[in-house]
Amino acid sequence: MIASLLTRPVSKVPDRVNFAGRVLFLTEDPALLRRQLAGEDLPFDPEAPIGSELHPRLRDNISTDEITPAYICYYFDETLGDFPYLGLKAGEEFPIVRGAVKRGGFVCSVSGKRRGKGSSREQSPYAEMMAGIRLVIAENIERIYRENCQNLGVFTSTDFSLIERVRRGEEIALAEFTRDEGEISKGIIEYGGLFNYNVARLQGKATVPSVTTKPRPMTIAEKIFARHWVVDASRGKTGVAAVKPGDQGFVRTDIRFSHEYVTPMAAIFFDELVGRNEPVNDPSSVFFFRDHLTFLDQVMRPEHVQMGLLDVANQLEKTQREFAAAKGIKLYGQLEQRLNLHGALSAAGSEAICHSKILEAHALPGQVIIGSDSHTPHAGAVGCIAFGVGTTAIFNSWITQDVRVEVPPSFKVIVRGEKPENVTAKDFMLEILRHPYIKDGHAIGQIIEYAGEAVASLSVDERATMTNMAAEVGAFTGIIAPDEKTVEYLTTQRGMRSEDVRKLMHGLFSDAGADYVKVIEIDASALKPMIALPGDPGNGMYIEELGRDVAVDIAYAGSCTAGKKEDMDMYARVFQEALDRGETVKVRTYIQCGSREVFEYCQQRGYDKVFADVGAIFVEPSCGACINAGPGVSRTKDEVTISAINRNFPGRSGPGQLYLASPFTVAASAVAGKIVEWRPMVPVGSS
Ligand code: SF4
């Protein structure tokens, strides 16, 4: 416990809030956006027909990539206030420029469905806050983004009638923002953010309601929450008999991790709010990663270099490294520098992408893991609860070792039957993502539990593609109950004893009679290789439904989602078949592993030679092109990429058109020069 926090003055915000300022409608029409930025206040009547003059069409699905594009997140202080919505696409335009929102005097920002989807980056609400936005109103709001807003002290609401009241300068009761919230979220809003709330909690001023749920049939996720439920923070007591959806509290974490995009901002918060010389609570269970930006110097646009963005980005690495050293935290860093093609010193990749290494080396069945990244659910592939949180939550977990949760409802996706050989976990996910339950936002904040014989037959690597993409579902997390495949993975991958793994797995299954708000069934045998059209992972269709040839300029085969050992097996298999036919790739093709361990696996199996022979570029591990920061990004809006990454929001991997697909499809399309499905021919190594 950090003693100085126990005597720190802390108080609630006033119980009436006055939002003095303008309302910004994030519209589909770029002209309407420009008019607002020029000073015009648009009329708005939520009851008027959508698309009419009184009710302009609002942008749905605004991702955090659009609120703060990746390059904006190189900043980690109040400078972010110059940049909100720079990546916001309206029609075919990006009408919001640097400083425009701040200059406009806006206090409230309004949009449509699924506000804040995508990455968990807290830079997005922080940039909005620093530009003057204090209230976000949307039809529905993604969980991590909403929590990040609350943690920072930004108000959120789905009540469009507030718009007129804000415009009238009316004082609004704080209770209107806490009415539908549980006790903890209410407390966080009342104390103006998570840190103040936690200080009040440590001082006994804010009390956490105890859980009184009687024993009941539980899902595997609920069981893990119950085991980790903090009963008495001061004595380290955890564990309750049962929880149910809606129960609120704090859970003790087993692992907390963050990467260079987040650690520096959290470190600033820590130094400023806690104290530069104070220790982090149990540093042995905290991990840092230098994974997102190691190749940035090779792809940053010259105008961005001139703006000084490369220097700003390099500060992220330095700040994280220094904080790790000062606090005794394990850092998976960048690999040694080497001379690049231009004779300059250049980074050579990362030891590992965070999710890849957490699964490879740390996650265990039954754990609770938090990470500063929306794809943290990746580790759920071994039957743990792993979920993404924002900067403020990570920074607070360094103090308390726990994290707040409201137990989400669970829904189950059962994938039955036997899948065709050329269908993969990625195809399962593209099929799931186009289901109306997910597309319409019903799954936001829920736990997706995958089951069924087609899931049971997947390896842990393939399962991780499914749990990873729980982020695209908008789910709180994804989980698969551990089984013999988990035992096999942990014994071969980590050298664990099988009896030790089975001990951890004890009781980790969903009870008969456990509650699911929805069950979706999919027949794996009826599936075919899929793609998602550019713009959203939910734009899935069978390749055969494309009905036209789509020529490809770039093929990208990597990332945390698709840079695992089994993904490499798939690329190598397709490319070896091409070589056996005397073919090579027809487009620029990049292969990038999730970790050095996978890279070495490829070398041991001779895949590096297969990749070189087929004409692909084998890149050292890093997030790279997946975050528009490495080899494989598009350069113009006309370039077409086929990619095995997990999301294709506008601008995600450059300005071009990005189609999502499975590792098999990406490799086959690289060879064909256009989007095609892979049809099995001969195994790798066969003649
Ligand atoms: S590879 Fe892509 S999705 Fe995975 S952690 Fe890196 S940026 Fe995020």
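Fair warning: this is a prediction, and the values are worked out from it, not measured in the lab. (Residues numbered from 1 in each chain as written. Predicted model: local features only at pLDDT ≥ 70, side-chain atom pairs only at ≥ 80, totals over all residues. Heavy atoms only, no water.)

> Could you clarify how one ought to interpret the overall build of the chain in this entry?
Along the chain, the regular secondary structure elements total 28 helices and 28 strands. In terms of C-alpha radius of gyration, the chain reaches 24 Å, essentially the compact-globule figure of 26 Å for 687 residues. Overall, the C-alpha framework of the chain stretches about 75 × 60 × 50 Å when taken along its three principal axes. Here the chain holds 687 residues, and 62% of them are scored as buried. Sequence-distant contacts in the chain: of pairs separated by 6 or more residues, those separated by 24 or more amount to 74%. For the chain, the exposed surface amounts to about 24,600 Å²; the carbon and sulfur share of it is 49%. (Helix = DSSP H or I, 4+ residues; strand = E, 2+ residues; numbered from the N terminus. Rg over C-alpha atoms; globule rule 2.2 N^0.38 Å. Buried < 20%, exposed > 50% of the residue type's maximum accessible area, 1.4 Å probe, protein only. Contact = heavy atoms within 4.5 Å. Areas by Shrake-Rupley, 256 points an atom, 1.4 Å probe, with all protein chains shown as cover.)

> Any chance you could explain the side chain of Q493 here in plain terms?
Following the sequence through the fold, Q493 ends up in helix α22 (residues 484-494). In terms of polar contacts, Q493 uses its side chain to reach the side chain of K565, at 3.0 Å. At a separation of 2.5 Å, a polar atom in the side chain of Q493 contacts the side chain of E597. Ignoring anything within four residues of it in the chain, the contact list for Q493 reads E360, E488, K565 and E597. (Polar contact = N/O pair within 3.5 Å; in protein donor to acceptor, adjacent residues only side chain to side chain.)

> Honestly, the site of the ligand in this entry has me stumped. Any pointers?
Taken together, H292, I353, H355, H375, S559, C560, C623, C626, I627, N646 and R652 make up the full set of residues near the ligand. Partitioning the shell around the ligand into residue classes produces 5 nonpolar, 5 polar and 1 charged. (Near = heavy atom within 4 Å. Nonpolar A, V, L, I, M, F, W, Y, C, P; charged D, E, K, R; others polar.)

> What am I meant to see in the sheet that holds strand β5 (residues 155-157) here?
Sheet strands associate in pairs through backbone hydrogen bonding, adopting either a parallel or an antiparallel arrangement. Spatial strand order, β2-β3-β4-β5: 4 strands in an open sheet with parallel pairing. What marks the edges here is a single partner per strand, and that holds for β2 (22-25) and β5. Within this sheet the neighbouring strands show an average axis-to-axis angle of 20 degrees, counted without direction. In the sheet, β2 pairs with strand β3 (residues 106-111) via 4 bridges, with the strands oriented parallel. In the sheet register, V23 faces β3, and the bridge partner there is C108. (Pairing = 2+ DSSP bridges. Axes fitted to C-alpha atoms, helices over the stretch in contact; angles between N-to-C directions.)

> I keep staring at helix α5 (residues 143-152) and nothing clicks. Help me out?
An α-helical turn contains 3.6 residues, so any two residues separated by three or four positions project in the same direction. Counting buried residues along α5, 9 of its 10 residues qualify, which places the element largely inside the surrounding structure. Residues of α5 that are buried include every one of R143, I144, Y145, E147, N148, C149, Q150, N151 and L152, and no others. Once α5 ends, the next one or two residues include G153, with phi positive near 100 degrees.

> Even after reading the chapter, I still don't get the packing of aromatic side chains, so can you show me in this structure?
How two aromatic rings sit relative to each other is set out by the distance from centre to centre and by the angle between their planes. Enumeration over the complete set of coordinates arrives at 30 aromatic pairs. Summarising the aromatic geometry, the rings of F575 and F611 are spaced 6.2 Å apart at their centres and angled 85 degrees between planes, so their arrangement reads as edge-to-face. In this pair, F575 is assigned in helix α25 (residues 565-580) and F611 in helix α27 (residues 607-614), connecting sequence segments 36 residues apart. In this structure, F575 and F611 share a single accessibility class: buried. An aromatic cluster is present here, built from Y126, F195, F269, F270, F288, F323, F395 and W398 joined pairwise through their rings. Of note, R201 hangs over the ring of F250, and the distance from its end group to the ring centre comes to 3.5 Å. Cation over ring: R434 sits above Y542, and NZ or CZ is 5.0 Å from the ring centre. (Phe/Tyr/Trp six-rings, centres within 6.5 Å; stacked < 30°, edge-to-face > 60°. Lys NZ or Arg CZ within 6 Å of the ring centre and 35° of its normal.)

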